[in-house]
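So you can see what is in the structure, the chains are spelled out below.
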Amino acid sequence: MENQLVAHFDLDTFFVSCERLVDPTLNGKAVIVGGTRSRGVVSTCSYETRAFGVHSGMPMAQALRLCPQAIVLKGTSGLYGKYSKMVTDIMAAEAPVLEKASIDEFYLDVSGLEQNFGTYKWVCALADKVTNETGLPISFGLSTNKTMAKMATNAGKPNGRLYIPPDKVKAFLNPLPVSDIPMVGKSTCAKLNSLGIYKIKQLAEMSPEAVENIFGKYGKSLWRKANGVHYGKVAPYSERKSISVERTFFQNTYDIESLQTLIGQMCEKLAFQLRSEGKLASCVAVKIRYPDFSTYSQQVKIPVTNYDQIFAKHAKELLLKVYKKNEPLRLMGVRLSNLVKEGYQYDIFYDDPKLDELYGAIDSVKGKFGKASLQWLSSKADKEAVKKEKRFNLNRTDVNSDPDLIGRKNIKGKD
Ligand code: DCP
Ligand code: MG
């Protein structure tokens with residue numbers, strides 16, 4: 001850890017930059033990407049807009065009061081994922097150890113490079129490569145650990161290229177407000193301010209025990225970060241993120257109505273799990289297995305969502321496509337993949353306050369009375385099928401009994 005060197009990359013005004021590649025007349029203008037309905041929020045905005053105090057997460061109505069001349073775009077489905085993948089591929093081809101932290105953010109462990117190449121030059125060349133090959137502007141910070149590198153990126157944005165060597169860490173941190181430490185949210189900041197602590201220097205000079213007394217366990221790492229210390233490792237990037245559920249039937253079944261109902265329930269279960277983890281998915285897959293163990297699957301890419309009924313609709317269609325033999329089934333499963341964190345594209349593409357309210361209510365009932373307390377009944381046929389389903393003698397294998405085919409349930413892992 002002692003000689004660790006970490007680079008943090010973050011694309012500048014990512015969604016806006018992608019939109020500008022599609023429509024260069026947006027260059028140099030105040031642009032907002034975000035939800036346009038009554039409860040819509042700003043996903044991101046150009047620096048020309050930020051000059052008026054507009055920022056991500058701000059209600060759109062407020063943003064437009066601050067910057068009425070801004071051009072508002074609803075966002076383009078598929079565009080940001082495409083560019084994110086292009087940048088990821090460039091980084092992955094060059095970087096010794098790469099972690100993708102979000103749709104436009106990457107950590108690279110570049111510890112071993114300094115003697116041979118001059119790490120700063122190497123990181124600059126990588127930033128140039130990204131911009132030359134994709135057209136997207138990017139900033140980076142280079143320093144002794146992940147937190148320091150991220151803070152260097154934030155300090156240098158846009159088009160930032162900031163290197164903070166070990167002997168400059170303290171001088172960099174000391175004058176900054178405590179809110180610049182990435183783990184300090186609104187409530188931690190308010191608490192620190194109420195104690196008269198505004199600058200990182202003040203926090204760094206407190207005893208670690210005192211900070212721990214105020215913030216519990218979290219206090220220790222907060223104090224360390226104020227002193228430029230962070231032990232977090234750059235975790236290698238992994239594309240595969242999915243959650244799945246499947247059942248092996250005790251008695252093989254070919255009752256398609258019951259299977260349709262069951263697949264709807266599986267989607268409901270997975271969607272609830274996604275929502276409780278604050279995630280969304282954009283790929284649905286269905287797998288079936290016949291008694292002779294022959295196994296088939298079909299998948300479809302959909303706009304990112306975490307709504308039960310959207311997954312259920314696609315899963316039911318996939319089941320009809322994949323279930324071709326007139327034979328009973330031994331196993332059926334659903335997998336949701338291409339997971340992203342809530343707060344990204346979601347705000348734009350599924351900006352439906354009514355559905356949000358509905359799912360909020362469903363989740364609070366499920367939270368209080370258990371996951372089985374509510375179920376969708378979309379049709380009479382479904383009601384009948386649910387009755388039959390109760391008579392099914394099912395041997396629940398539940399999540400991931402067959403990881404080779406259905407993928408791993410790794411939603412609980414933090415990115
Ligand atoms: N995003 C979003 N909702 C948020 C925050 C971000 O939809 N509340 C999306 C839009 C951003 C993208 O994620 O373009 C990346 O987020 P960043 O925080 O990196 O913000 P930007 O890249 O837009 O700007 P910056 O130049 O500050 O990195
Ligand atoms: Mg960014």
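None of the values given here were measured: they were computed from a predicted structure.

What counts and what doesn't
- Residues numbered from 1 in each chain as written.
- Chains lettered and ligands numbered in written order.
- Predicted model: local features only at pLDDT ≥ 70, side-chain atom pairs only at ≥ 80, totals over all residues.
- Helix = DSSP H or I, 4+ residues; strand = E, 2+ residues; numbered from the N terminus.
- Buried ≥ 20, exposed ≤ 12 C-beta atoms within 10 Å, placed from the backbone.
- Arc of directions from axis to C-beta.
- Contact = placed C-beta atoms within 7 Å.
- Near = placed C-beta within 6 Å.
- Nonpolar A, V, L, I, M, F, W, Y, C, P; charged D, E, K, R; others polar.
- Pairing = 2+ DSSP bridges.
- Axes fitted to C-alpha atoms, helices over the stretch in contact; angles between N-to-C directions.
- Core = buried A, V, L, I, M, F, W, Y, C linked by C-beta atoms within 7 Å.
- Domains from an automatic or database assignment.
- pLDDT = per-residue confidence, 0-100.
- Parallel < 35°, antiparallel > 145°, perpendicular 65-115°, else oblique.
- Left-handed = near helix turned anticlockwise from the far one by under 90°.

K.L.:
Lay out the overall build of the chain in plain terms, naming residues and giving numbers.
P.N.:
Summing up its helical and strand segments, the chain has 18 helices and 14 strands in all. Out of the 415 residues belonging to the chain, those deemed buried represent 36%.

K.L.:
Residues and numbers for helix α12 (residues 217-226), please.
P.N.:
Those residues of α12 not exposed but buried are Leu 222, Trp 223, Lys 225 and Ala 226. Around the axis of α12, the buried residues are gathered within 160° of arc, so they sit on the same side. Close packing links the buried residues of α12 with α7 (146-156), α8 (169-173), α10 (200-205) and α11 (208-215). Looking one or two residues beyond α12, the residue adopting positive phi is Gly 228, at roughly 80°.

K.L.:
So what's going on with the site of ligand 1? Residues and values would help.
P.N.:
Taken together, 17 residues lie near ligand 1, and Phe 14, Phe 15, Ser 43, Thr 44 and Ser 56 sit nearest. Within the residue set of the shell around ligand 1, elements represented by two or more residues are β1 (6-11), α1 (14-22) and β3 (42-45). The residue inventory of the shell around ligand 1, partitioned by class, reads 6 nonpolar, 6 polar and 5 charged.

K.L.:
Would you mind going over the sheet that holds strand β7 (residues 138-143) in detail, with residue names and values included?
P.N.:
Taken in spatial order, the 5 strands line up as β5-β6-β1-β7-β8 in an open sheet, and their pairing is mixed. Both edges of this open sheet fall to β5 (97-102) and β8 (161-163), since each of them pairs with a single strand only. Going across the sheet, the axis of each strand differs from the next one's by a mean of 15°, ignoring polarity. The sheet contact formed by β1 and strand β6 (residues 105-109) spans 5 bridges and is antiparallel. Across the sheet, Phe 9 pairs through a bridge with Phe 106, a residue of β6. Most of the contacts of helix α6 (residues 119-134) go to β7, to which it runs at about 165°, and overall it touches β1, β7 and β8. Here α7 sits on the sheet in contact with β1, β6, β7 and β8, set at roughly 140° to β7.

K.L.:
So what's going on with the nonpolar core? Which residues, and what values?
P.N.:
Among soluble globular proteins, nonpolar side chains are generally buried collectively. Core analysis: the biggest nonpolar cluster contains 44 residues, and Val 6, Ala 7, Ile 32 and Leu 108 have the highest contact counts within it. Two domains share this core, each providing at least three of its residues, namely domain 1 (6-10 + 80-226) and domain 2 (14-78). Setting aside residues no more than four positions away along its own chain, Ile 32 makes contact with Val 42, Cys 45, Thr 49, Val 54, Ala 63, Ala 70 and Val 72. Core analysis: the second largest hydrophobic core is formed by 31 residues, Val 286, Phe 311, Ala 312 and Met 332 among them.

K.L.:
So, unusual backbone geometry: which residues are in play, and what are the values?
P.N.:
Most of the time, phi is negative for any residue but glycine, and the peptide bond is trans. Omega for the bond connecting Lys 157 with Pro 158 falls within 30 degrees of zero, at -10°, which places this linkage in the cis form. Mapped onto the secondary structure, Pro 158 falls in the loop between α7 and β8. The phi dihedral of Thr 13 falls on the positive side, at around 35°, and the residue is not glycine. Inspection of the secondary structure assignment puts Thr 13 in the loop between β1 and α1. Using a count of 24 C-beta atoms within 10 Å as the deciding quantity, one classes Thr 13 as buried.

K.L.:
Any details on the sheet that holds strand β4 (residues 71-73)? Residues and values, ideally.
P.N.:
If you walk across this open sheet you meet the 3 strands as β3-β2-β4, and the pairing is mixed. Bordering the open sheet on either side are β3 and β4, each of which pairs with just one other strand. Sheet twist, expressed as the mean angle between neighbouring strand axes with direction ignored, is 25°. Direction of pairing for strand β2 (residues 31-34) relative to β4: parallel, over a ladder of 3 bridges.

K.L.:
Can you lay out the pairing of strand β11 (residues 295-305) for me, pointing to particular residues and giving the numbers?
P.N.:
Two faces, one strand: in a regular strand the side chains alternate between the faces of the sheet. Looking at chain direction, strand β10 (residues 279-289) and β11 are connected through 8 bridges and run antiparallel. When the sheet's bridge partners are listed, Lys 287 is paired in β11 with Ser 297. Connecting the antiparallel pair β10 and β11 is a turn made up of 5 residues, with Phe 293 showing a positive phi of about 70°.

K.L.:
Tell me about the confidence of the model for the chain, and name the residues and values.
P.N.:
Confidence along the chain averages 83 in pLDDT terms, with 80% of residues attaining 70 or more. For residues 344-351, every residue scores under 50 in pLDDT, and the model assigns this stretch 25 contacts once sequence neighbours within four places are set aside.

K.L.:
Summarise the pairing of β6; cite the residues concerned and give the values.
P.N.:
Here β6 lies mainly inside the structure; 4 of its 5 residues are buried. Alignment of β5 against β6, held across 5 bridges, turns out to be antiparallel. The residue bridging Leu 98 from the neighbouring strand is Leu 108, located in β6. Taken together, β5 and the strand that follows it, β6, pair antiparallel across an intervening segment of 2 residues.

K.L.:
Run through the packing of α1 against helix α4 (residues 79-94), naming residues and quoting values.
P.N.:
Viewed as axis vectors pointing N to C, α1 and α4 meet at an angle of 100°, and their least axial separation amounts to 10 Å. The angle between α1 and α4 places the two elements in the roughly perpendicular class. Between α1, through Phe 14, Phe 15, Cys 18 and Val 22, and α4, the contact on the second element is made entirely by Leu 79, Tyr 80 and Tyr 83. In the contact of α1 with α4, the residues fall into 7 nonpolar, no polar and no charged.

K.L.:
So what's going on with the packing of α11 against α12? Residues and values would help.
P.N.:
The interhelical angle for the contact between α11 and α12, taken along N-to-C directions, is 135°, at an axis separation of 6 Å. For the element pair α11 / α12, the angle class is oblique. Two packed elements cross with a definite hand, and for α11 against α12 that hand is right-handed. Only Tyr 218, Gly 219, Lys 220, Leu 222 and Trp 223 of α12 make contact with α11, whose side of the interface consists of Pro 208, Val 211, Glu 212, Ile 214 and Phe 215. Broken down by class, the residue content of the contact of α11 with α12 amounts to 7 nonpolar, 1 polar and 2 charged.

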